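Each chain, written out:
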Amino acid sequence: MSACVPTRDDHTSRSWRQSNGPGIKRPHSPPPPRRGGRFRIAGADLSASITVFLIAVPMSLGLAVAMDAPLEAGLVSAAIGGIVAGLLGGTPLQVSGPSAGLTVVTAELIQIHGWRTTCAITIGAGLLQILLGAVRAARSALAVSPAIVHGTLAGIGVAIALAQLHIVLGGSPQSSAVDNALALPAQLDRLSPAAPLVGGLTIAILMAWPRLPGRIGRAVRRIPAALASVAIATTVAAVAAPGIARVDLPSWRSHALPELPQGPVLALATAMFTVMLVASLESLLAAVAVDKLTTDRAGRQSTETPTSAVPTAPPVRRADLDRELRGQGISNVLAGLLGGLPVSGGAVRSSANVRAGATGRASTVLHGVWVLLAAGLLVTALEWIPLAALAALVMMVGIQMVSYAHIRNVHKHREFPVYGATITGVVLFGVLKGVAIGIAVAVVIALHRLARTRITVTDQGGQHLVVVRGQLTFLAVPRLSRTLGRLPQGGDAVVELDGFFMDHAAYETIQDWSDAQTAQGGRVVFTGRAGGRIAEPASAAHSCCRPWTPWRNHHCHDRPEPDSVHRDGGTRADAGSEHHAAATRPSPGTTDATATDATSNSTPTTSDAAPTAEPVPGAPSSTALPATPRRTGAHRLVSGLSSFQRNTAPLVREELARLAREGQRPSQLFITCADSRLVTSMITASGPGDLFTVRNVGNLVPPPGAEAGDDSVGAAIEYAVDVLQVESITVCGHSGCGAMQALLGAEPDNPQTSLWRWLRHGLPSLERMESRHRAWARISGRLPADAVEQLCLTNVVQQLDHLRAHESVSRRLAEGTLQLHGMYFHVGEAQAYLLTEGASAGTCIDEVFDHVGPGDPSGSGELERTSA
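What you see is a predicted model; the values in this text were computed from it and never measured. For every chain, the first residue of its written sequence is number 1, and the numbers climb from 1 along that sequence. Local features in this predicted model are restricted to residues of pLDDT 70 or higher, and side-chain atom pairs are both shown and tallied only at a pLDDT of 80 or more, whereas totals for entire chains, interfaces and linings draw on every residue. The side-chain figures draw on all heavy atoms in the structure; neither hydrogens nor water molecules are used.

Enquirer: Lay out helix H21 (residues 477–485) with the relevant residues and their values.
Expert: Those residues of H21 that fall on the buried side of the exposure criterion are Val477, Leu480, Thr483 and Leu484. What you see down the axis of H21 is that its buried residues fit within an arc of 130 degrees, all on one side. Of the surrounding secondary structure, the elements contacted by the buried residues of H21 are strand S3 (454–459), strand S4 (463–469) and helix H22 (504–519). Burial here depends on accessible area, computed with a 1.4 Å probe over protein chains only, as a share of the maximum for the residue type. Under 20% is buried, over 50% is exposed, and the range in between is partly exposed. Secondary structure elements follow DSSP: runs of H or I of four or more residues count as helices, runs of E of two or more count as strands, with numbering from the N terminus. Here, the arc refers to the directions that run from the helix axis to the C-beta atoms. Here, residues are in contact when the closest pair of their heavy atoms is within 4.5 Å.

Shown next, in the form of structure tokens:
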């Protein structure tokens, strides 16, 4: 299910000593996280490290060739990126090494300043990264428009591909992308066949390797395509072209280390900033991508593998971007000191690491160790690799940096001009100037959109309708003023404002015009797109129909009839409330809990429209509105249904149609009370198809065979467990339960009533609470507030016992494919509590309901799959 009741990250119960307080036992808590534990290496990490190592070695050498740097520098950076960034970085599964994004920048720096000064620049860039990580600026770096970031990487990819194409053709690259493009005709004139054939063979194998068919293909595809292509090209070149240019690894004794930078201070500072910017953006984007890949992998494993077979290995933590930035900075400092290339997180190596099944940092660190060993032991083998094969490998990496998915995405969001301008700037003028051009174009487009305001006037028989679409800023004031000035003085007008921003200049213009019209006997009404009056005082505007909060004033349809009030120039019922569809629309084939559940109420976009918090002129205060009685009965039902059809149905129709075709597949049976204050979909943030819900008075579960006439709950349990194959069952009680109050009261005068015949299934809960042989249930270490709350808590535990007595439930529990959960919802506090795992499973005598906070690890809404 897309969203459900959150649970704690760790449910392992341990015994604690009783506190000094009389009658109070300390609740069970998860064990504290291990600190300073030994470095653990899983089998999956070992195999994944070998896979990444086989990709990293040829790629590191190829990037060194592309940058015209010492070849051993690529191996140094790969080892440092794996070991240092792997240990200190904030993304456990990200693999760092020589940066493809910095290929053009580094090559230019080597040509201008020399290799040793470039190493010093790398050290300075690393120090800047450490500083940015220390001030927690990583998230701010991601605030740059994605069109600029992807455009920068795509421009770098174009430059890489053009440069490496010369090496594939048997020549040498020029100093810039433009020079490489202009020199291609001359390079084709002096073409020699050996290098192009080897490069073409490498490219063909790279493209065909992942598509090898059949059982043999599946087995062979376990070898990385990069390794297979370079190995095959090397073998063919050794036989067919022995004189082709190959890798030349100099002796480590001649390895160059950094020197004090020499040259203009401004040029050196600009170079350090450029290296820091590109390396940081590439690393942070790769970290975000690794998070998505890890989440997708976990989702596939959870759906393809039975619950009992899910590995017990701890889940991979989400990326800590600031720590990642600091780790990358330390790696770059060491890489510069040891004569290596600039380091950054790599999407190619990281995605290979995730897909190979890595579970932690061990795979990244081990891959660095293997690179270090290869640099010392496999020099002879590495020197057989043709430069054309490495150039072809890096050229394909550059081509892949121009992603069609990114182009389609920026085009969909109307940001392709920014993307295109950034690519063009990077290719023609370099990375830093290209980024500046992209930012400038983005600012111009944003100002254009902000100033693009359409104003239309329609005469509706003595009353003018003025429709303003777009944002009202000072740039639109001249046109707005001219349009309003053409309206008849003292006439009636309705001004429809369809936008979310109004600055002070536009507000003053409209206010002055409205005051003048009113002073001359006219009447002005301001509405939103749907026609409802906007910008009432904050207390009124913000108290109605926001999704779920505050829920107490959600009855937007308890207002006057639309027609009668509209004739008087007032508000139209529900007309001013229109949901933010673009922000919450569920995508096809998915269940978006926020969109499907929260949208059952409408949100007044127009009342929240002006960030300036200025009231729209002409809107009377809430005290001037006549009091109208709330509608009841059929009127409220029809109005509520109408509101649903207008605001919510368009958002959920596609998802409900999918569920209608595919049938229901809920993951949880949710048994709770029929109390009207308990809105299950709200407190669990769930949507259509998520919960199979059973509601009754007192959230009771009659034990099997208790008495005829109480089979409805048992039938629902049997259907959910055996037919729907739900993964968990939750029994949810709540505070102030009337059924529990009735059980605590005196014997009823007529025990044969339907209500009492039902409530007697709660008598075992009452007996359990009064027993001296059982510990009292409690909430997060405190005793219940009163006897009613005590019985509410105890009743949840007792009904779980009744559940286990059902044959279908007990069978699934024995198989390990079903979990039981106890939950308590405090209505007055709007706070959920979950019963600890041992008590839910019936293996612990302590009955503790723990507080669920907004920052809990399971806050994504999924019930954590823990064994019952």
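Enquirer: Give me the side chain of Asp45: which residues, what numbers.
Expert: Within the secondary structure layout, Asp45 lies in helix H1 (residues 43–67). Any pair of N or O atoms that falls within 3.5 Å is considered a polar contact. Within protein, one atom must be able to donate a hydrogen and the other to accept it, and sequence-neighbouring residues count only if both atoms are side-chain atoms. A polar atom in the side chain of Asp45 sits 2.7 Å from the backbone nitrogen of Thr359. One polar contact links the side chain of Asp45 to the main-chain amide nitrogen of Gly360, over a distance of 3.3 Å. Asp45 has contacts with Ala358, Thr359, Gly360, Ala362 and Ser363, leaving out every residue within four places of it along the chain.

Enquirer: With reference to specific residues and values, describe the sheet that holds strand S13 (residues 848–851).
Expert: Taking strand neighbours across the sheet as the criterion, the seven strands line up as S8-S7-S9-S11-S12-S13-S10 in an open arrangement whose pairing is mixed. Edge strands, defined here as strands with exactly one partner in the open sheet, are strand S8 (691–696) and strand S10 (778–779). Of the pairings in the sheet, the one linking strand S7 (residues 668–673) to strand S9 (residues 728–734) comprises five bridges and is parallel in character. Bridge pairing links Gln668 to Ser728 in S9. Think of each axis as a best-fit line through the C-alpha atoms, taken over the contacting stretch in the case of a helix, with angles from 0 to 180 degrees between the N-to-C directions. Contacting S7, S8 and S9, helix H29 (residues 711–723) runs over the sheet at an angle of about 170 degrees to S8. Against the sheet, helix H33 (residues 787–805) engages S7, S9, S10, strand S11 (819–826), strand S12 (831–835) and S13, with an angle of about 160 degrees to S11. Here, any two strands with at least 2 DSSP bridges between them count as paired.

Enquirer: Give me the environment of Arg757: which residues, what numbers.
Expert: Note that Arg757 resides in helix H31 (residues 754–759). Judged by relative accessible area, which is 32%, Arg757 ranks as partly exposed. Separated by 47 residues in sequence, Arg757 and Asp710 place their C-alpha atoms 9.5 Å apart. There is a polar contact of 3.3 Å between the side chain of Arg757 and the side chain of Ser754.

Enquirer: Could you give an account of the environment of Thr118, naming the residues involved and the relevant values?
Expert: Secondary-structure assignment places Thr118 in helix H4 (residues 115–134). Discounting chain neighbours no more than four positions away, the residues touching Thr118 are Thr106, Leu109 and Ile110. For Thr118, the side chain forms a polar contact with the main-chain oxygen of Gly114, separated by 2.7 Å.

Enquirer: Got a sec to walk through the packing of H1 against helix H3 (residues 103–113)? Specific residues and values, please.
Expert: Axis separation between H1 and H3 bottoms out at 8 Å; the angle between their running directions is 50 degrees. What the angle tells us is that H1 and H3 run oblique. Where H1 approaches H3, its residues Leu63, Ala66 and Met67 are matched on the opposing element by Thr103, Thr106, Ala107 and Ile110. Any angle that is under 35 degrees is reported as roughly parallel, and any over 145 degrees as roughly antiparallel; angles of 65 to 115 degrees are reported as roughly perpendicular and all others as oblique.

Enquirer: So what's going on with the packing of aromatic side chains? Which residues, and what values?
Expert: What counts as a ring pair is set by centres within 6.5 Å for rings of Phe, Tyr and Trp (its six-membered ring), and what kind of pair is set by the plane angle: stacked under 30 degrees, edge-to-face over 60, tilted for all other angles. Counted under the stated rule, the structure contains four aromatic pairs. Judged by centre distance (6.4 Å) and plane angle (65 degrees), the rings of Tyr824 and Phe849 are edge-to-face. Of the two residues, Tyr824 sits in strand S11 while Phe849 sits in strand S13, which places them 25 residues apart along the sequence. In this structure, Tyr824 and Phe849 share a single accessibility class: buried.

Enquirer: Which residues make up the sheet that holds strand S5 (residues 492–498), and what values go with them?
Expert: Taken in spatial order, the four strands line up as S3-S4-S5-S6 in an open sheet, and their pairing is mixed. With one partner strand each, in any of the chains shown, S3 and strand S6 (524–527) form the two edges of the open sheet. Strand-to-strand, the axes of this sheet are offset by a mean angle of 15 degrees, without reference to chain direction. As defined by bridge partners, S4 adjoins S5 across seven bridges and the pair is classed as parallel. Paired with His464 across the bridge in S5 is Ala493.

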